[in-house]
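The chain contents come next:
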Amino acid sequence: MTNWLQTLRLAAVSGTAASTLSLAALTVCGVRDCRSAFAPVNAVSHWIWGERARHANGPWARHTVLGYVIHHAMSVFWAVFYETAVARHHARGARA
């Protein structure tokens with residue numbers, strides 16, 4: 001049980017870092033591609049709001065907040081797999 005708690009804590013940190021850095025990249029690319037820093041984050045909310053979210057370019061709470069929550073949650077979700085793999089790699093090294 002302790003291993004899972006430690007993995008979740010590490011995933012929260014690395015997932016948050018990944019979310020923050022990828023959000024910065026999305027913002028820069030959004031400004032370059034469609035002149036909107038919000039459009040790439042809004043587009044993520046299409047899971048809930050459908051096709052309309054893909055074309056929302058402004059800072060809308062409905063799209064932007066939900067888009068960021070989904071983006072962040074998925075970053076932490078994938079970080080769990082990453083942290084699990086790193087822990088297994090270190091465990092193998094310690095046994096060798």
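Refer to the structure presented above.
None of these values were measured; they are calculated from a predicted model.

Caption draft 1: Molecular detail of the environment of His-46. As for its placement among the helices and strands, His-46 is situated in helix α3 (residues 46–49). In the structure, His-46 is positioned 18 residues away from Thr-64 in sequence and 11 Å away in space, judged by C-alpha atoms.

Caption draft 2: Region of the structure containing the packing of aromatic side chains. Taken as a whole and assessed by the stated rule, the structure comprises three aromatic pairs. Centre to centre, the rings of Phe-77 and Trp-78 are 5.1 Å apart; their planes meet at 80 degrees, and the pair counts as edge-to-face. In this structure Phe-77 comes out as partly exposed when scored by relative accessible area, which is 39%. Of the residues examined, Trp-78 reaches a relative accessible area of 55% and is grouped as exposed. Ring pairing ties together the aromatic residues Phe-77, Trp-78 and Phe-81, which thus form one cluster.

Caption draft 3: Inspection of the environment of Ala-73 at higher detail. Examined against the element boundaries, Ala-73 turns out to sit in helix α4 (residues 61–95). On a C-alpha basis, the gap between Ala-73 and Thr-16 in space is 8.8 Å, while along the polypeptide they are 57 residues apart.

Caption draft 4: Region of interest: a nonpolar patch on the surface. Side chains of Trp-47, Ile-48, Trp-49, Met-74, Phe-77, Trp-78 and Phe-81 sit close together on the surface and give an oily, nonpolar patch of about 800 Å² of accessible area. Counting only elements with at least two residues in the nonpolar patch, the list comes to α3 and α4. Tracing the sequence through the fold places Phe-81 in helix α4.

Criteria and cut-off values
Residues numbered from 1 in each chain as written. Predicted model: local features only at pLDDT ≥ 70, side-chain atom pairs only at ≥ 80, totals over all residues. Heavy atoms only, no water. Helix = DSSP H or I, 4+ residues; strand = E, 2+ residues; numbered from the N terminus. Phe/Tyr/Trp six-rings, centres within 6.5 Å; stacked < 30°, edge-to-face > 60°. Buried < 20%, exposed > 50% of the residue type's maximum accessible area, 1.4 Å probe, protein only. Patch = residues over 30% accessible without salt bridge, like charges linked within 9 Å, V, L, I, M, F, W, Y side chains within 5 Å. Areas by Shrake-Rupley, 256 points an atom, 1.4 Å probe, with all protein chains shown as cover. Salt bridge = Lys/Arg side-chain N within 4 Å of Asp/Glu carboxyl O.

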